[in-house]
Amino acid sequence: MLRAIYPGSFDPVTYGHLDIIKRASGLADELIVGVLNNKAKTPLFSVEERVKMLEEVTKELPGVRIIPFEGLLADFAREMSAKMIVRGLRAVTDFEYELQMAQTNHKLAEDIEIVFLTTSLQYSYLSSTIVKEVASFEGDISQFVPSYIEEKVQSKIIKKGECK
Ligand code: PNS
């Protein structure tokens, strides 16, 4: 059985991520979406919220599981007995960082292959950061994320504004 991991921050999950999840799930028997709990960063959504949102938007996809992780991706992949790590490549600007990360991961876990899927053209500009930026100025994010995520982003951003 081939198990693959698609790791990321998913703060929040976008249509670009979903495109990679759908395509990557077709390449493996099981795809684990690994949600990074990075304690050094303050994401908009907690890891529990990000996991819940991913579960909601992938519930129709067979063979996809959402699991949070901390620490090294290579250790998480080993723990999950995954043989493949999938990352999406949007543009040349992603390449340098992704190559460095892939080569480091390969050093740390030689038996695990890192596979890149080029993002579908219609999502090549899209990122979680862009979604948060547009939402923070009350822009329309309906073309970037599913409606369930749109509502969560909007209510989180309104809540944050109220706290200031
Ligand atoms: O969605 P992102 O933020 O681009 O995902 C980055 C992620 C989670 C894949 C990356 O930061 C990661 O794997 N972090 C875990 C720590 C790690 O293993 N670092 C060493 C690889 S260079």
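Quantities reported herein were computed from a predicted structural model and do not represent experimental measurements.

S.K.: Explain the layout of surface pockets here, please?
M.R.: Over the atoms, a rolling probe the size of a water molecule traces out where space has been left empty. Looking at the largest pocket, its volume works out to about 1,100 Å³. If you go around the largest pocket, you meet 38 residues; those closest to its centre are Pro7, Gly8, Ser9, Arg87 and Tyr97. For the lining of the largest pocket, the elements supplying multiple residues, two or more each, are β1 (3-8), α1 (15-25), β4 (84-89), α4 (92-108) and α5 (128-136). Broken down by element, the lining of the largest pocket gets its largest block of residues, 8 residues, from α4.

S.K.: Help me understand the site of the ligand, please; the structure alone is not making it clear to me.
M.R.: Around the ligand, the neighbouring residues are Gly8, Ser9, Leu36, Gly71, Leu72, Leu73, Arg87, Tyr97, Met101 and Asn105. Side-chain polar atom of serine 9 to an oxygen atom of the ligand: 2.6 Å apart, as the coordinates give it. For the ligand, the protein covers 73% of the area, taking 550 Å² as the surface of the free molecule. According to the grid-proximity analysis, the pocket containing the ligand is the largest pocket. For the shell around the ligand, the leading source of residues is α4, giving 3 residues.

S.K.: Sorry if this is basic, but what is going on with the nonpolar core here?
M.R.: Nonpolar side chains in soluble globular proteins generally cluster together in the buried interior. Residues Ile21, Leu31, Val33 and Leu54 are the most contacted members of the largest nonpolar core, which totals 33 residues. Counting only elements with at least two residues in this core, the list comes to β1, α1, β2 (30-36), α2 (47-57), β3 (64-69), β4, α5 and α6 (147-163). Sort the elements by how many residues they give to this core and α2 lands first, with 5 residues. Here isoleucine 21 is in contact with Tyr6, Leu31, Val33, Leu54, Thr58, Leu61 and Val64, once residues within four sequence places are set aside. Counting residues in each nonpolar core, the second largest holds 15 residues, with Ile5, Met80, Ala109 and Ile112 among its members.

S.K.: Which parts of the structure should I look at to understand the pattern of salt bridges?
M.R.: Charged atoms that come close allow side chains of opposite charge to pair. Following the criterion strictly, the structure yields 11 salt bridges and no others. Across the pair glutamate 98 and arginine 87 runs a salt bridge, and its minimum N-O distance is 2.7 Å. With glutamate 98 in helix α4 and arginine 87 in strand β4, this pair connects stretches of sequence that are 11 residues apart. Taken individually, glutamate 98 and arginine 87 each receive the classification buried, so the pair is uniform in this respect. One salt-bridge network, in which partners are shared between bridges, spans Arg3, Glu30 and Arg65.

So, how was this worked out
Residues numbered from 1 in each chain as written. Predicted model: local features only at pLDDT ≥ 70, side-chain atom pairs only at ≥ 80, totals over all residues. Heavy atoms only, no water. 1 Å grid on protein atoms, 1.4 Å probe; cavity = no way out; pocket = protein on both sides within 12 Å on 5 of 7 lines; lining within 4 Å. Points joined across faces, edges and corners; volume = space filled by probe spheres on them. Helix = DSSP H or I, 4+ residues; strand = E, 2+ residues; numbered from the N terminus. Near = heavy atom within 4 Å. Polar contact = N/O pair within 3.5 Å; in protein donor to acceptor, adjacent residues only side chain to side chain. Areas by Shrake-Rupley, 256 points an atom, 1.4 Å probe, with all protein chains shown as cover. Sits in = over half its atoms within 2 Å of the grid points. Core = buried A, V, L, I, M, F, W, Y, C linked by side-chain atoms within 4.5 Å. Buried < 20%, exposed > 50% of the residue type's maximum accessible area, 1.4 Å probe, protein only. Contact = heavy atoms within 4.5 Å. Salt bridge = Lys/Arg side-chain N within 4 Å of Asp/Glu carboxyl O.

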